[in-house]
Amino acid sequence: MNKQQSATDLTEKIDLATVLKAKNGSHLKLKNPLITASGTCGNGHELAKFFDLNQLGAFTTKGITLQAQPGNKTPRIAESAAGIINSIGLENPGVDQFIAKKLPETAQYNLPILANISGYQADDFVNIAIKLAEQKEISGLEVNLSCPNIKGGGMIFGTDPENVFQITRKIKQVYPGYIIVKLTPNITDITTTALAAEEAGADAVALINTLSAMKIDIEKQKPLLANTYGGLSGPAIKPIAVKMVYQSYQKLTIPIIGLGGICSGSDVIEFLLAGATAVGLGSINLREPAAALRILAEIKDYLKKHQLNKLSSLIGAAHQ
């Protein structure tokens, strides 16, 4: 067998599958590690115009709240040197309309569907989870604990380990499926909230959400965003996200979904080596909607170059 034949055989044998294992045995199995990050591609049909979504590992819906939300005033997106700052404000039709109008559209794809849920108080999360527990098309919840707690005077749920613990536990009591807790990086030590989520029964954590940021219009000499502040995403935050995944992997026993500035196969490999079991593609979807296909090819090229046939062999390898 010549070298070319050997390389071809290895490529054909490459296994990109990954498993988000749960302690109760209800594992989430993905054909590859790529998951869409919530809010970057609607509920499916927007991205499906560019490629077959079934080639992804999983799909995450746009954020869902209990009641319909109009979102923040415009402008609510600003470009930065290496990313974007957004302050969309959870614009969505509410959980009931999502179930009636959006879910049938998203459920047509043959891959795990994760519903991203947000709330303004703890009961919001619980009530949404109860409603979504009845939807067999949904494979799990991504609980966004980076929303403003209006009743708590503008606190952020995800910066307080006790809040993370209590909300996660309450959701766990009413939702029997897979639960991913998405955490904010706007905290001194993200492992404290990650451990709180694990202790409360989360099946996995997603790291990281956006970093608090702002931009000033120097001509108007005022904040560019109508809401003043927003969340920074894109390549600028990737090194921070990799660090937080690496730190959390050293302390957690549940899977980590890594996200933050992923634009290439090498970015995915870096997150996997740091300890992520799967990754989220976010801002890249806005700039290059079919990026997932290129990134999958780049991952395969890396595995072939290093003569590896299982993607799972990379998870946490940087710790060895």
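Please read all numbers here as calculations on a predicted model, not as lab measurements.

A. Main features of the environment of histidine 319. Counting through the fold element by element, histidine 319 comes out in the segment after α10 (291-305). Measuring from C-alpha to C-alpha, the distance between histidine 319 and glutamine 250 comes to 8.2 Å, with 69 residues separating the pair along the chain. When sequence neighbours within four positions are dropped, the list of residues in contact with histidine 319 reads Tyr246, Tyr249, Gln250, Leu273 and Ala274. Polar side-chain contacts of histidine 319 include one of 2.7 Å to the backbone oxygen of alanine 274.

B. Structural context of the UniProt feature "binding site: substrate" (unreviewed entry) in the chain. What UniProt calls "binding site: substrate" (unreviewed entry) maps, in this numbering, to Lys62, Asn86, Ser87, Ile88, Gly89, Leu90, Asn144, Asn209 and Thr210. Secondary-structure assignment places serine 87 in the loop between β6 (83-86) and α3 (95-106). In contact with serine 87, not counting residues within four places along its chain, are Asn72, Arg76, Leu225, Asn227, Tyr229 and Gly230. A polar atom in the side chain of serine 87 sits 2.9 Å from the side chain of asparagine 72. We classify asparagine 209 as buried; its relative accessible area is 13%. When residues no more than four places from it in sequence are discounted, the contact partners of asparagine 209 are Asn144, Ser146, Lys182, Leu183, Thr184, Pro185 and Ile237. Side-chain polar atoms of asparagine 209 contact the side chain of asparagine 144, separated by 3.2 Å.

C. Seen up close, the pattern of salt bridges. The tally for this structure, following the rule as stated, stands at nine salt bridges. Salt-bridge contacts for lysine 23 lead to glutamate 198; the nearest nitrogen and oxygen are separated by 3.5 Å. Note that lysine 23 is positioned in the loop between β1 (18-20) and β2 (28-30) and glutamate 198 in helix α6 (residues 190-200), a separation of 175 residues in sequence. Since its relative accessible area comes to 12%, glutamate 198 is described here as buried. One salt bridge connects arginine 76 with glutamate 91, and the closest N-O pair in it is separated by 2.4 Å. Here arginine 76, found in the loop between β4 (59-60) and β5 (77-80), pairs with glutamate 91, found in the loop between β6 and α3; they are 15 residues apart in sequence, far enough to count as distant. Because the salt bridges share partners, they merge into one network encompassing Lys238, Asp267 and Glu270.

The rules behind each value
Residues numbered from 1 in each chain as written. Predicted model: local features only at pLDDT ≥ 70, side-chain atom pairs only at ≥ 80, totals over all residues. Heavy atoms only, no water. Helix = DSSP H or I, 4+ residues; strand = E, 2+ residues; numbered from the N terminus. Contact = heavy atoms within 4.5 Å. Polar contact = N/O pair within 3.5 Å; in protein donor to acceptor, adjacent residues only side chain to side chain. UniProt positions renumbered as here; feature names shortened; annotations may be inferred. Buried < 20%, exposed > 50% of the residue type's maximum accessible area, 1.4 Å probe, protein only. Salt bridge = Lys/Arg side-chain N within 4 Å of Asp/Glu carboxyl O.

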